[in-house]
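Single-letter residue listing:
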Amino acid sequence: RYALNLLSKLQPQFVRSLIPTLVEDEEFRQDAIQARIKMGDELKAAGKKQQAVAVYKSAFKSARSSGQINTLAARLTSLGAKVSIIKHMGFVTRWHLLGPFDAPGTSGFATSFAPEQRVDLKAKYLGKNGQIGWKLYQTKNSMGQLNLIQAIAPVKEAVGYAYTEVDSPRSQKAQIRCGADDNLTIWLNGQKVLSRLQWLNGTRLDRFTASIQLRKGRNQLLVKVY
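Residues numbered from 1 in each chain as written. Predicted model: local features only at pLDDT ≥ 70, side-chain atom pairs only at ≥ 80, totals over all residues. Heavy atoms only, no water.

Moving on, we come to helix H4 (residues 49-62). With 14 residues, H4 should cover 20 Å at 1.5 Å per step; its first-to-last C-alpha distance of 21 Å lies within 8% of that length. Those residues of H4 not exposed but buried are Ala 52, Val 53, Val 55, Tyr 56, Ala 59, Phe 60 and Ser 62. The inward-facing, buried residues of H4 abut helix H3 (29-45), helix H5 (66-78) and helix H6 (85-89). (Helix = DSSP H or I, 4+ residues; strand = E, 2+ residues; numbered from the N terminus. Expected span 1.5 Å × (residues − 1). Buried < 20%, exposed > 50% of the residue type's maximum accessible area, 1.4 Å probe, protein only. Contact = heavy atoms within 4.5 Å.)

Structure (structure tokens):
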């Protein structure tokens, strides 16, 4: 970025033309997407609808910032183009949920509850407010977020679990990208692949990332939130 700032003083026109091409660059992705949004806005203002849609779509394909994703989805929708943020980002939105388990203070991270030994979707357990069992829930949030206060119970100092199964057409390397308020642990096919203990964490897109290996066929994913 320092080098590009220096270059912009020597060759400003070159830099202005370069930035929009860097949509897959880790450092300059957001700059490139913002430049393309500006280009699309100018085309839209000039009445060039189809050209604007093409530019917005090219930016949407590479966007990873929640703000830019929502901006581009709104721009495309306003021009009659159908887009799905959920499909584009690969969000998992259909879960079996269980909870709340009682976890006084900050004890939930270290306390192991029954689902961590075995997931039985028909089983019943003693929860914070009485008997609990798994229930199917699908979030409609465009950014794939699931509100456990609404989906499980409006309680504090508690643990909840989410379970789903993901089919992979082949054995392949992948990434889990996630976030939770406050903390979470994730098991893939019974193996712990991510655990974060950070209180007052909040939820942000792609807050945590872990490299994983998906096996061909069905993969079991268990998430613990506390």
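Read on, since the account is not over.
Ile 19, Ile 33, Phe 60, Leu 72 and Ile 85 are the most contacted members of the largest nonpolar core, which has 26 residues in total. Only H3, H4, H5 and H6 provide two or more residues apiece to this core. Here the element with the most residues in this core is H4; it accounts for 5 residues. Setting aside its immediate chain neighbours within four residues, Leu 72 contacts Ile 33, Ile 37, Tyr 56, Ala 59, Phe 60 and Ala 63. (Core = buried A, V, L, I, M, F, W, Y, C linked by side-chain atoms within 4.5 Å.)

Looking now at the environment of Tyr 161. Its place among the elements puts Tyr 161 in strand S5 (residues 158-168). Relative accessible area serves as the criterion here: at 1%, Tyr 161 is assigned to the buried category. For the pair Tyr 161 and Trp 134, spaced 27 residues apart in the sequence, the C-alpha separation amounts to 8.9 Å. Beyond its immediate chain neighbours, meaning those up to four positions away, Tyr 161 contacts His 96, Leu 97, Leu 98, Phe 101, Phe 113, Pro 115, Glu 116, Trp 134, Leu 222, Val 223 and Lys 224. A polar atom in the side chain of Tyr 161 sits 2.5 Å from the side chain of Glu 116. (Polar contact = N/O pair within 3.5 Å; in protein donor to acceptor, adjacent residues only side chain to side chain.)

Right, let's get into the side chain of Gln 68. Following the sequence through the fold, Gln 68 ends up in helix H5. When its relative accessible area of 7% is taken as the criterion, Gln 68 is described as buried. Within the structure, Gln 68 has its side chain in polar contact with the backbone oxygen of Gln 30 (distance 3.0 Å). Excluding its chain neighbours within four sequence positions, the residues that come into contact with Gln 68 are Gln 30, Ile 33 and Gln 34.

We now examine the pattern of salt bridges. For the structure on display, the rule yields 10 salt bridges. Across the salt bridge formed by Arg 218 and Asp 167, the nearest N and O atoms sit 2.9 Å from each other. Placement of the pair is Arg 218 in strand S10 (residues 217-225) and Asp 167 in strand S5, with a sequence separation of 51 residues. If you follow the salt bridges from partner to partner, you end up with Arg 1, Glu 27 and Asp 31 in one network. (Salt bridge = Lys/Arg side-chain N within 4 Å of Asp/Glu carboxyl O.)

Another point: unusual backbone geometry. Cis geometry marks the peptide bond from Gly 99 to Pro 100; its omega dihedral reads 5°. Residue position: Pro 100 is located in strand S1 (residues 94-102). Of note, the amide linkage connecting Asp 181 to Asp 182 takes the cis form, showing an omega dihedral of 10°. Locating Asp 182 in the fold gives a position in the loop between strand S6 (172-178) and strand S7 (184-188).

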